[in-house]
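Survey of secondary and tertiary structure
Residue strings, one per chain:
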Amino acid sequence: MNTIRHSLGKRSLVHLTLVAFTLLALFPMALVIVNSFKSRRAIFDAPLALPTPESFTIIGYQRVIEQSDFLLFFGNSLIVTLIPLTLVLLFGAMAAWALSEYRFRGNRLLMLFLAIGIMVPIRLGTVSILELMVGLNLINTHLALILVYTAQGLPLAVFILHEFISQVPKELKEAARCDGVSEYRLFFQIILPLIRPAIATVAVFTMVPMWNDLWFPLILAPSEQTQTIQLGVQQFIGQYATDWNAVLSALTLAVLPVLVLYVFFSQHLIRGLTSGAVK
Amino acid sequence: MSHRFPWHLVFFLAPALIIYGVFSAYPLVDTLRLSFFVESVTGERRFSGLTNFYTLLGESTWSNAFWNALWNNIRFFLIHMLVQNPIALLLAALLSLKGLKGARTYRTLIFLPTLLSVVIIGFIWQLILSPLWGVSEGLLAMLGLDFLFDAWLGNESSALTTLALISVWQFVGIPMMLIYASLLSIPDDIIEAATVDGASPWRIFWRIKLPLVLPTLGLVTILTFVGNFNAFELIYAVKGALAGPNYSTDILGTFFYRTFFGYQSQIGSATLGATVATLMFLVILLGVMAYFFAIQRRLTRYQM
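Residues numbered from 1 in each chain as written. Chains lettered and ligands numbered in written order. Predicted model: local features only at pLDDT ≥ 70, side-chain atom pairs only at ≥ 80, totals over all residues. Heavy atoms only, no water.

Overview of the overall build of chain A
For clarity, the cut-off: The way it works is that DSSP assigns letters per residue, a run of H or I at least four long becomes a helix, a run of E at least two long becomes a strand, and they are numbered from the N terminus. Radius of gyration: over C-alpha atoms. The globule rule applied is 2.2 Å multiplied by the number of residues raised to the 0.38 power. Here's how the labels work: a residue is buried when its accessible area is under 20% of the maximum for its type, exposed when over 50%, partly exposed in between, all with a 1.4 Å probe on protein chains only. Whether two residues touch is decided by their heavy atoms; if any such pair falls within 4.5 Å, the residues are in contact. We get accessible surface area from the Shrake-Rupley algorithm with a probe of 1.4 Å; when it comes to residues, only the shown protein chains can shield them. The charged-residue count follows a simple rule in which Lys and Arg add positive charge and Asp and Glu add negative charge, with His and chain termini not counted at all. Charged side chains are reduced to one point each, which is NZ for Lys, CZ for Arg, CG for Asp and CD for Glu.
The secondary structure content of chain A amounts to 13 helices and zero strands. Counting from the amino terminus, chain A carries its helices and strands in the arrangement α-α-α-α-α-α-α-α-α-α-α-α-α. Taking 2.2 N^0.38 as the reference for a compact globule, 279 residues should give roughly 19 Å; the C-alpha atoms of chain A span a radius of gyration of 24 Å, well beyond that estimate. Dimensions of chain A, computed from the C-alpha atoms along their principal axes, are close to 75 × 75 × 35 Å. Here chain A holds 279 residues, and the buried ones make up 49% of them. Of all intrachain contacts in chain A linking residues separated by at least 6 positions in sequence, the fraction that spans at least 24 positions is 72%. Surface accessibility of chain A: about 13,400 Å² in total, with carbon and sulfur atoms responsible for 67%. Of the side chains in chain A, 18 bear a positive and 14 a negative charge, and the two mean positions are spaced by 13 Å.

This is the structure in structure tokens:
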């Protein structure tokens with residue numbers, strides 16, 4: 001009897017701790033989202049209250065849409081995230097295939113060369129990246145960000161995909177080769193579909209830092225026309241700091257896409273992060 | 001010619017190697033090279049050996065700022081090590097308890113903030129901690145602790161610690177998840193054998209589980225290290241490039257940005273910027289080497 005009560009008490013303590021941390025993790029976002037739908041008065045008078053019929057308003061959202069090019073920023077972010085993502089996955093898988101399948105001189109050296117890109121943040125090369133982009137006349141273009149993000153994402157993608165491709169059974173490849181399938185078709189029609197789950201995991205890892213980056217948009221593409229959502233929100237908030245409705249709405253709009261994606265992909269992402277230890 | 005030229009190798013490897021080589025590896029090497037050059041007013045560059053390093057580390061106007069940024073960065077890292085990683089270990093240990101209901105929900109929700117942009121997180125916490133809004137003061141008052149409230153982000157003595165704790169709040173999910181996975185991969189029979197031998201859960205955790213997840217803790221340490229010494233966005237979003245008040249939140253990332261681009265009356269310098277980047281590279285390299293040679297080698301002995 002006593003031990004059961006004892007362990008019940010322990011279990012509730014465990015849940016209490018975990019619930020506390022969960023609330024702490026969610027509270028800031030929830031607070032911002034809830035208050036973005038309230039009138040200025042209600043934001044200050046009762047920050048913790050839910051919007052009531054009297055205090056409900058979407059004026060903040062209207063102002064964000066009117067006074068900033070939010071849709072443009074959003075589109076820019078999509079362009080400089082999705083295009084490099086596609087390139088990282090395609091070129092990364094191709095390189096991973098070559099490095100794991102073919103024995104040639106310099107194979108290990110190339111892996112080491114790529115490993116540097118995982119250890120050393122690409123940001124440290126900013127001075128030369130900027131000069132390179134100035135030389136190529138790519139400042140304030142999407143292409144500048146696309147190239148840098150592709151270079152940033154490739155090394156880790158190659159390493160993770162390399163792991164998966166080396167697990168593809170040898171017999172499968174030999175059988176295809178006996179049937180006279182070319183190396184190119186073997187990769188694009190047999191290997192690529194096989195490693196789809198790994199590609200999805202790499203996709204999430206690659207996408208999040210690109211979408212959230214402020215550093216390179218700030219340095220390589222700060223113009224009005226090429227601003228990404230992070231840079232746009234940062235400048236918008238700097239300009240409208242006293243307009244709390246607009247600030248809270250802008251913050252909500254900026255986190256929304258990630259929240260929606262997370263609802264769909266969280267389990268997949270966590271499985272990828274914990275490399276299968278978690279079911 | 002018995003061998004045909006391996007065109008397929010070129011086809012598969014070239015795109016990745018060219019883009020990575022031109023836009024990541026080359027700029028890094030070129031940045032290291034630039035740190036040995038000085039620039040004249042007309043923009044001409046000439047080799048100058050270690051001049052930039054003497055300037056940064058020796059001339060007091062520069063060296064004070066550099067050491068201040070480095071020291072702040074070390075404090076930023078230590079706060080992560082002392083707060084983030086122990087909390088992550090605790091959460092992972094709790095989540096991995098056998099038969100815990102809701103573990104999946106907890107871990108999904110606690111991990112969520114790590115995916116959000118650091119800029120947005122910075123702004124959100126700035127609002128929450130703002131005396132103007134009074135949310136945190138109100139919450140503390142509910143607990144009868146409102147005397148503790150202060151403009152934490154505004155005070156020179158507490159701004160850096162507050163920013164580090166915001167960063168801890170955001171990223172605790174990553175070490176938690178890595179340690180959690182590592183705890184789950186411990187074979188059940190080891191734990192069962194210890195239980196049969198009469199070891200308490202507490203003892204099992206300290207004597208069996210913890211040594212087995214030490215390699216993961218090593219990995220977490222080096223990830224935290226590289227991430228912290230590369231940080232920039234949070235300080236820039238909340239405090240701007242000047243990292244106020246009075247440079248008390250200046251870390252290497254913000255110092256690099258100001259040296260490169262200039263600020264107020266100070267003119268930016270590409271070569272001095274490259275020198276700061278080179279010093280950051282050396283700091284990170286030192287950390288990574290310490291990890292590989294000291295920690296990892298000792299830790300592998302525990303691996304099965």
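Observations concerning the domain arrangement of chain A
Residues and elements named next belong to chain A. Going by this rule: Residue ranges assigned to each domain were obtained from an automatic or database domain assignment. Accessible surface is computed with a 1.4 Å probe, and the buried area is the amount of it that two parts give up when combined, taken over both parts together. Residues adjacent in sequence count toward polar contacts only when both atoms are side-chain atoms; beyond that, a polar contact is any pair of N or O atoms within 3.5 Å, and within protein one must be able to donate a hydrogen and the other to accept it.
Segmenting chain A into domains produces domain 1 (1-67 + 244-279) and domain 2 (69-239). Placing a centre on the C-alpha atoms of domain 1 and another on those of domain 2 gives a separation of 31 Å. At the interface, 15 residues of domain 1 touch 12 residues of domain 2. With both sides pooled, the region where domain 1 packs onto domain 2 buries about 1,300 Å², and carbon together with sulfur makes up 85% of that total. At the junction of domain 1 with domain 2, the criterion picks out zero residue pairs in polar contact (both at pLDDT 80 or more).

Some thoughts on the interface of chain A and chain B
Accessible area lost during the coming together of the parts is what is often quoted as the interface size. In plain terms, the rule: Every case where a carboxyl oxygen of Asp or Glu lies within 4 Å of a side-chain nitrogen of Lys or Arg is listed as a salt bridge. Residues were grouped as follows: Ala, Val, Leu, Ile, Met, Phe, Trp, Tyr, Cys and Pro as nonpolar; Asp, Glu, Lys and Arg as charged; and all remaining residues, including Gly, as polar.
On the side of chain B, 84 residues touch chain A, which itself brings 88 residues to the contact. Between chain A and chain B the total buried area reaches about 8,100 Å² when both faces are included, carbon and sulfur atoms providing 81% of it. Of all residues in chain A, Leu18(A), Leu124(A) and Val127(A) bury the most surface against chain B, accounting for 9% of the area lost on that side. Joining chain A to chain B, the criterion identifies two salt bridges. In this structure, the connection of chain A to chain B is made through 24 residue pairs in polar contact (both at pLDDT 80 or more). When residues of the side of chain A that touches chain B are assigned to their parent elements, the largest contribution, 17 residues, is made by helix α1 (residues 2-35) of chain A. Among the residues forming the side of chain A that touches chain B, the class breakdown is 67 nonpolar, 15 polar and six charged.

A short note on the pattern of salt bridges
Scanning the model with the defined rule gives 13 salt bridges over all chains in all. Of the charged contacts, one joins Lys173(A) and Glu101(A) as a salt bridge, the two residues approaching to 2.8 Å between their closest N and O atoms. Here Lys173(A) is found in helix α8 (residues 170-178), whereas its partner Glu101(A) is found in helix α4 (residues 70-101), with 72 residues between them in sequence. For the pair Lys173(A) and Glu101(A), one class covers both residues: buried. Asp188(B) is the partner of Lys98(B) in a salt bridge, and the nearest nitrogen-oxygen pair spans 3.4 Å. Residue Lys98(B) is located in the loop between α3 (60-95) and α4 (103-111), and its partner Asp188(B) is located in helix α9 (residues 188-196); the two are separated by 90 residues in the primary sequence. Beyond isolated ion pairs, a larger network of salt bridges with shared partners links Glu101(A), Lys173(A), Glu174(A), Arg177(A) and Glu183(A).

A few points about a nonpolar patch on the surface
The following threshold applies: Only residues whose relative accessible area exceeds 30% and that form no salt bridge enter a patch; like-charged residues are grouped when within 9 Å of one another, and nonpolar side chains (Val, Leu, Ile, Met, Phe, Trp, Tyr) when within 5 Å.
A cluster of nonpolar residues, Leu90(A), Tyr184(A), Phe188(A), Phe5(B), Trp7(B), Val10(B) and Phe11(B), forms a patch on the protein surface that exposes about 660 Å² of accessible area. Among the secondary structure elements, those contributing two or more residues to the nonpolar patch are α9 (183-194) of chain A together with α1 (7-34) of chain B. Here the nonpolar patch takes three residues from α1(B), the largest share from any one element. Relative to the helices and strands, Val10(B) resides in helix α1. By relative accessible area, which is 34% here, Val10(B) ends up partly exposed.

Concerning helix α10 (residues 196-212) of chain A
Residues and elements named next belong to chain A. Under the convention used in this document: Given the number of residues in a helix, its expected span is that number minus one, multiplied by 1.5 Å.
Helix length check: α10, at 17 residues, gives a terminal C-alpha distance of 25 Å against a target of 24 Å (1.5 Å per residue), a fit within 8%. Regarding α10, the residues found buried are Ala198, Ile199, Thr201, Val202, Ala203, Val204, Thr206, Met210, Trp211 and Asn212. Here the buried face of α10 lies against α4, α7 (142-165), α9, α12 (229-239) and α13 (244-273).

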